[in-house]
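Structure at a glance
Now for the letters of each chain:
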Amino acid sequence: MDILLIGGLWLDGSAWDDVVPELTALGHHPVPLTLPGQGDGAASATLDDQLEAVVAAVDAAPGTPLVAGHSAASTLAWLAADARPEKVAKVALIGGFPADEGRSYADHFAIEGGAMPFPGWAPFEGADAADLDQYTRDRFAAAAVPVPEAVARGVVRLTNERRFDVPVVVVCPEFTPAQAEKWIAAGESPELARVTDLEYVDLDSGHWPMVTRPRELARVLAKAANS
């Protein structure tokens, strides 16, 4: 099965370099995406541009792919299910929940010169970054791509109720399945609360398992694709 891999904020397609061979060895066809504005030099890219790139990858898949979105890109994966509910086999959300209709995509950090640069590690101290050593932190920060303002502040538009019939697996790295289930039950993700086929998978890592636990993440995604 094709598995589309969408990195979160500041990441380009190379973020999945250690996951790709693991998924290939497990019999799948991983397709890491470099989003407009996050690695291709398109500083004026918009959220619509990024969604268009994801939907194009869905359309290009020979069958029905698994669409995996990491962190903020959980919203992009969910938007792909909204745009192509008949074409997306399953959505995997890695360390994130999709934003609701009418909300901004990822307006979380300061905008500087038309983009949202990586803010440093202070906002992520604790469970998010606990498994990142200093060398890995330095590499991540050096490679981080500022996210165009029109992406970060883009407004999420959801239009197709059939998205709720697309199976979803919530991959829980820095939080537990029990926590995720509790948050959703408490109303923190109205979108996921309406999904008809929702499962949770634990993954013992910080917020960036593609970096720190690539083999384990690949196994989780392969299992999701096989089920």
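Only a predicted model underlies this, so the values are computations on that prediction, with no experimental measurement involved.

The rules behind these values
Residues numbered from 1 in each chain as written. Predicted model: local features only at pLDDT ≥ 70, side-chain atom pairs only at ≥ 80, totals over all residues. Heavy atoms only, no water. Buried < 20%, exposed > 50% of the residue type's maximum accessible area, 1.4 Å probe, protein only. Helix = DSSP H or I, 4+ residues; strand = E, 2+ residues; numbered from the N terminus. Pairing = 2+ DSSP bridges. Axes fitted to C-alpha atoms, helices over the stretch in contact; angles between N-to-C directions. Contact = heavy atoms within 4.5 Å. Salt bridge = Lys/Arg side-chain N within 4 Å of Asp/Glu carboxyl O. Polar contact = N/O pair within 3.5 Å; in protein donor to acceptor, adjacent residues only side chain to side chain. Phe/Tyr/Trp six-rings, centres within 6.5 Å; stacked < 30°, edge-to-face > 60°. Lys NZ or Arg CZ within 6 Å of the ring centre and 35° of its normal.

**Concerning the pairing of strand β7 (residues 168-172)**
- Across the five residues that make up β7, a large majority, five, are buried.
- Of the two faces of β7, both are covered, the one formed by Val 168, Val 170 and Cys 172 as well as the one formed by Val 169 and Val 171.
- As judged from the four bridges shared by strand β4 (residues 90-94) and β7, these two strands associate in the parallel manner. Following the sheet pairing, Ile 94 is matched in β7 by Val 171.
- In this structure, β7 lies alongside strand β8 (residues 198-202), joined through five bridges in parallel fashion. For Val 171, the partnering residue across the bridge sits in β8 and is Val 201.

**Section: the sheet that holds β8**
- Within the open sheet, the six strands sit side by side as β2-β1-β3-β4-β7-β8. Their pairing is parallel. The sheet terminates laterally at β2 (29-33) and β8, the two strands that pair on one side only. When strand polarity is set aside, the average angle formed by the axes of neighbouring strands in this sheet is 20°.
- Lying on the sheet, helix α2 (residues 47-60) is in contact with β1 (2-6), β2 and β3 (66-70); it crosses β1 at an angle near 170°.
- On the sheet, helix α3 (residues 74-83) packs against β1, β3, β4 and β7 and is oriented at approximately 170° with respect to β4.

**As for the pattern of salt bridges**
- Applying the stated rule across the entire model yields ten salt bridges.
- Arg 137 is the partner of Glu 125 in a salt bridge, and the nearest nitrogen-oxygen pair spans 2.8 Å. Within this pair, whereas Glu 125 is found in the loop between β5 (115-116) and α4 (134-143), its partner Arg 137 is found in helix α4, the two being separated by twelve residues in sequence.
- You can call Arg 137 buried: its relative accessible area is 12%.
- When the shortest N-O distance is used, the salt bridge between Glu 149 and Arg 153 registers 2.7 Å.
- Under the relative-accessibility criterion, Arg 153 is labelled partly exposed at 41%.

**Topic: the environment of Thr 34**
- Positionally, Thr 34 belongs in the loop between β2 and α2.
- The class of Thr 34 is partly exposed, set by a relative accessible area of 41%.
- Between the C-alpha atoms of Thr 34 and Leu 11, which are 23 residues apart in sequence, the distance is 8.1 Å.
- Non-local contacts of Thr 34, meaning those with residues more than four positions away in its chain, are made with Asp 12, Gly 13, Gly 39 and Asp 40.
- There is a polar contact of 3.0 Å between the side chain of Thr 34 and the backbone nitrogen of Gly 13.

**Some details on the environment of His 108**
- By the element assignment, His 108 lies in the loop between β4 and β5.
- Expressed as a C-alpha distance, the spacing of His 108 and Phe 164, which sit 56 residues apart in the sequence, is 26 Å.
- If we ignore the near neighbours within four places in the chain, the residues touching His 108 are Leu 9 and Met 116.

**Some details on the side chain of Thr 212**
- Here Thr 212 lies in helix α8 (residues 209-212).
- Residue Thr 212 is classed as buried on the basis of its relative accessible area, which comes to 16%.
- A distance of 2.8 Å separates a polar atom in the side chain of Thr 212 from a polar atom in the side chain of Asp 131.
- Those residues in contact with Thr 212, other than ones at most four positions away along the chain, are Asp 131, Leu 132 and Ser 205.

**Some remarks on the packing of aromatic side chains**
- Within this structure, the stated rule accounts for 16 aromatic pairs.
- Where Phe 140 meets Trp 208, the ring centres are 5.3 Å apart and the plane angle is 65°; that geometry is what we call edge-to-face. Residue Phe 140 is located in helix α4, and its partner Trp 208 is located in the loop between β8 and α8; the two are separated by 68 residues in the primary sequence. When sorted by exposure, Phe 140 lands in the same class as Trp 208, which is buried.
- The ring of Trp 121 has Arg 137 sitting right over it, with the charged end atom 5.4 Å from the ring centre.

**Focus on the pairing of β3**
- In terms of burial, β3 is largely enclosed, as five of its five residues are buried.
- As paired strands, β1 and β3 are joined by four bridges and run parallel to one another. Note that in β3 the partner of Leu 4 across the bridge is Val 67.
- Alignment of β3 against β4, held across five bridges, turns out to be parallel. Considered in β4, the bridge of Ala 68 is made with Ala 92.

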